[in-house]
Amino acid sequence: RIKKMKIVNEKPPIFDKIVKAGMSPSLDSTIFTYGDTIYNPSGRPIPDHLIAHEARHFKQQGNDPAAWWDKYLVDKEFRFEQEAEAYANQYKFLCKKVKDRNYRIRVLHDLAAILAGPTYGGITAHKKAFDIIKQKANI
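Quick summary incoming for the structure in this document. Please read all numbers here as calculations on a predicted model, not as lab measurements.

1. Here we look at the pattern of salt bridges
Link 1 in the chain: The full count for this structure, using the stated rule, is five salt bridges.
Link 2 in the chain: Note that Lys17 is salt-bridged to Asp70, the shortest N-O span being 3.6 Å. Taken as a pair, Lys17 in helix 1 (residues 15–20) and Asp70 in helix 3 (residues 65–74) lie far apart in primary sequence, 53 residues in all.
Link 3 in the chain: Classification of Lys17 as partly exposed rests on a relative accessible area of 48%.
Link 4 in the chain: A relative accessible area of 42% places Asp70 in the partly exposed class.
Link 5 in the chain: One salt bridge connects Glu81 with Lys136, and the closest N-O pair in it is separated by 3.2 Å. Pair noted here: Glu81 is in helix 4 (residues 76–97) and Lys136 is in helix 6 (residues 126–137), with a separation of 55 residues, a long-range link.

Now the structure itself:
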């Protein structure tokens, strides 16, 4: 079981590095995990399924979030793998709570669009993001 994460309403300490790496996350809608802390600059409520996404990043970062972020920012394939795994975790969490297949497929399309979009520097195509999230979620 993952220990409870802290949530703070401020920019993450690595925000400038993220922007310098070519990603363009919005501070109005993006949250970030660094170690056991979720940085939520907008202060908006965070849905449970998004907490599940961030919890996966917490687990991925292990005892060295600085090293994880260093690799994440320069290695696009690593970034894609880490995010695909986190989105799959998020999707799987959501599917346990929602049985409506039409809603689930719309959510999967939305998650794939985010993964393929500017937030992560356009690291993949929508179709590839859709397929890999679905495959990793095993649903």
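Okay, back to it.
2. Points about the packing of helix 2 (residues 48–61) against helix 4
In a pair of packed helices, the angle between the axes and the distance between the axes together describe the arrangement.
Link 1 in the chain: In contact at an axis separation of 8 Å, helix 2 and helix 4 are set at 140° when each is read in the N-to-C sense. Judged by the sense of rotation from one axis to the other, the crossing of helix 2 with helix 4 is right-handed. In this structure, helix 2 uses Asp48, His49, Leu50, Ala52, His53, Arg56, His57 and Gln60 to contact helix 4, whose residues at the interface are Gln82, Glu83, Glu85, Ala86, Tyr87, Asn89, Gln90, Phe93 and Leu94.

3. Side note on the packing of aromatic side chains
Link 1 in the chain: One pass over the structure, following the stated rule, counts six aromatic pairs.
Link 2 in the chain: Note on Trp68 and Trp69: the rings are 5.3 Å apart at their centroids and 85° apart in plane angle, and the pair reads as edge-to-face. For the pair Trp68 and Trp69, a shared accessibility class is recorded, and that class is buried.
Link 3 in the chain: Through pairs of rings, three or more aromatic residues link up here, namely Trp68, Trp69, Tyr72 and Phe78.
Link 4 in the chain: Taking the ring centre of Tyr72 as reference, the NZ or CZ of Arg79 above it sits at 5.7 Å.
Link 5 in the chain: Positioned over the ring face of Phe80 is Lys128, at 4.8 Å from the centre of the ring.

4. Digging into the nonpolar core
Link 1 in the chain: Ranked by size, the top nonpolar core spans 30 residues in total, and within it Ile18, Trp69, Tyr72, Tyr91, Leu115 and Ile133 carry the most contacts.
Link 2 in the chain: Among the secondary structure elements, those contributing two or more residues to this core are helix 1, helix 3, helix 4, helix 5 (101–116) and helix 6.
Link 3 in the chain: A total of eight residues in this core trace back to one element, the largest contributor, which is helix 4.
Link 4 in the chain: Among residues more than four places away in sequence, those in contact with Tyr91 are Arg104, Ile105, Val107, Leu108, Leu111, Ile133, Ala137 and Ile139.
Link 5 in the chain: In terms of nonpolar packing, the next biggest core, distinct from the first, is built from six residues, Met5, Ile31, Ile38 and Ala55 among them.

5. Quick look at the sheet that holds strand 1 (residues 6–8)
Link 1 in the chain: Strand order across the open sheet formed by three strands is 1-3-2, with mixed pairing between neighbours. Lying at the two open borders of the sheet, with one neighbouring strand each, are strand 1 and strand 2 (32–34). Averaged over all pairs of adjacent strands, the angle between strand axes in this sheet comes to 30°, irrespective of strand direction.
Link 2 in the chain: Bridge count for strand 1 against strand 3 (residues 37–39) is three bridges, and the pairing is parallel. Each bridged residue has a counterpart across the sheet, and for Lys6 the counterpart in strand 3 is Thr37.
Link 3 in the chain: Across the sheet, helix 2 is in contact with strand 1, strand 2 and strand 3; its angle to strand 2 comes to roughly 30°.

Procedures and definitions
- Residues numbered from 1 in each chain as written.
- Predicted model: local features only at pLDDT ≥ 70, side-chain atom pairs only at ≥ 80, totals over all residues.
- Heavy atoms only, no water.
- Salt bridge = Lys/Arg side-chain N within 4 Å of Asp/Glu carboxyl O.
- Helix = DSSP H or I, 4+ residues; strand = E, 2+ residues; numbered from the N terminus.
- Buried < 20%, exposed > 50% of the residue type's maximum accessible area, 1.4 Å probe, protein only.
- Axes fitted to C-alpha atoms, helices over the stretch in contact; angles between N-to-C directions.
- Left-handed = near helix turned anticlockwise from the far one by under 90°.
- Contact = heavy atoms within 4.5 Å.
- Phe/Tyr/Trp six-rings, centres within 6.5 Å; stacked < 30°, edge-to-face > 60°.
- Lys NZ or Arg CZ within 6 Å of the ring centre and 35° of its normal.
- Core = buried A, V, L, I, M, F, W, Y, C linked by side-chain atoms within 4.5 Å.
- Pairing = 2+ DSSP bridges.

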